[in-house]
Amino acid sequence: MSDLMTPSPRKGKITALCLALLLATGISPVANAALPGNPQDSVRSFYDTLLTTMKDGPKLGQSGRYSRLVSVVGRLFDVPLMARLAIGPSCATLSPAQQQQVTETFGHYISATYADRFDSYSGEQLQVTGQQPSGAEIIVQTKIIKSKGDPVSLNYRMRENAGSWQIADVYLDGTISQLATQRSEFHSIVQHEGVDGLIKALDHKVDVLTRNVAKES
């Protein structure tokens, strides 16, 4: 099995956020009333949960942080769209069952990655600083201000979905599309091992990140 997405060098744990930017029975789309109607409010809602999870991080442990984040990520991220974009043209060749399975697995990976990267709190501030239009979408600009070191820019591409705003991509350092990075990595696995190989690789990575198996050296 391919070694899925070796993390890039970190600027601390937060800046190396390798979001594998979820659908499972427990994180299916919810009624519009349950989702924020403003793009900045959607990101603030996510950050509120992320911050409390960081503060409770050591007590919750890896699997506890994952469990707390998974439903929130499922509500506030447009995971079906993100999964299709990350996989690329190969997604069109998948059966409905395969599409659902890879989306579920992809979603679990997002949540597990956040649980691993944002594992504790040491005075960080998660700030929404503004927004700008991008065609029919909105870019919400944020900064993660650490107790030491330079602020980190994380921008979110927001897409309106049935009257609610959901995250459709994340830009590391404000400019690096996570989906574009993942598309290259996923394509290589699908080419060599097929979609089942990708699902297996993602499942394994989730197990590693939630400490269900030993982390590779």
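Let me begin by describing the structure that accompanies this report. (Residues numbered from 1 in each chain as written. Predicted model: local features only at pLDDT ≥ 70, side-chain atom pairs only at ≥ 80, totals over all residues. Heavy atoms only, no water.)

### Section: the pattern of salt bridges
When the charged atoms of two side chains with opposite charge come close together, those side chains can pair.
In step 1: Overall, the coordinates contain 6 salt bridges when judged by the stated rule.
In step 2: Within the structure, one salt-bridge network assembled from shared partners comprises Asp116, Arg117 and Arg211. (Salt bridge = Lys/Arg side-chain N within 4 Å of Asp/Glu carboxyl O.)

### Let's talk about the nonpolar core
In step 1: Phe46, Tyr47, Leu50, Phe77, Tyr114 and Tyr156 are the most contacted members of the largest nonpolar core, which has 51 residues in total.
In step 2: Among the elements that take part in this core, helix H6 (residues 178-209) stands out by supplying 11 residues, more than any other. (Core = buried A, V, L, I, M, F, W, Y, C linked by side-chain atoms within 4.5 Å. Buried < 20%, exposed > 50% of the residue type's maximum accessible area, 1.4 Å probe, protein only. Helix = DSSP H or I, 4+ residues; strand = E, 2+ residues; numbered from the N terminus.)

### Digging into unusual backbone geometry
In step 1: Positive phi, normally seen in glycine, also occurs at Ala162, with a value near 55°.
In step 2: With respect to the helices, strands and loops of the structure, Ala162 is situated in the loop between strand S3 (152-161) and strand S4 (164-172).
In step 3: Located in the positive-phi region is Asp173, a residue other than glycine, with phi close to 55°.
In step 4: Among the structural elements, Asp173 can be located in the loop between S4 and strand S5 (176-177).

### Brief notes about the packing of helix H5 (residues 96-117) against H6
Two quantities define a packed helix pair, namely the angle between the axes and the distance from one axis to the other.
In step 1: The contact between H5 and H6 brings their axes to 9 Å, and the two run at 65°. In this view, H5 runs roughly perpendicular relative to H6, as classed from their interaxial angle. For the pair H5 and H6, the sense of crossing is left-handed. Along the contact surface, H5 presents Gln98, Gln101, Val102, Thr105, Phe106, His108, Tyr109, Ala112, Thr113 and Asp116, while H6 presents Leu179, Gln182, Phe186, Val195, Asp196, Leu198, Ile199, Leu202, Asp203, Lys205, Val206 and Leu209.
In step 2: Along the lines of polarity and charge, the residues of the contact of H5 with H6 split into 12 nonpolar, 6 polar and 4 charged. (Axes fitted to C-alpha atoms, helices over the stretch in contact; angles between N-to-C directions. Parallel < 35°, antiparallel > 145°, perpendicular 65-115°, else oblique. Left-handed = near helix turned anticlockwise from the far one by under 90°. Contact = heavy atoms within 4.5 Å. Nonpolar A, V, L, I, M, F, W, Y, C, P; charged D, E, K, R; others polar.)

### What to know about helix H2 (residues 39-55)
In step 1: Taking 1.5 Å as the rise per residue, H2 with 17 residues should run 24 Å; its terminal C-alpha atoms sit 25 Å apart, in good agreement.
In step 2: Along H2, the residues that are buried comprise Pro39, Gln40, Ser42, Val43, Phe46, Tyr47, Thr49, Leu50, Thr53 and Met54.
In step 3: Backbone nitrogen of Gln40 and a side-chain oxygen of the N-cap are separated by 2.8 Å at the start of H2; the cap is Asn38. (Expected span 1.5 Å × (residues − 1). Polar contact = N/O pair within 3.5 Å; in protein donor to acceptor, adjacent residues only side chain to side chain.)

Nothing here speaks to function; it is geometry throughout.
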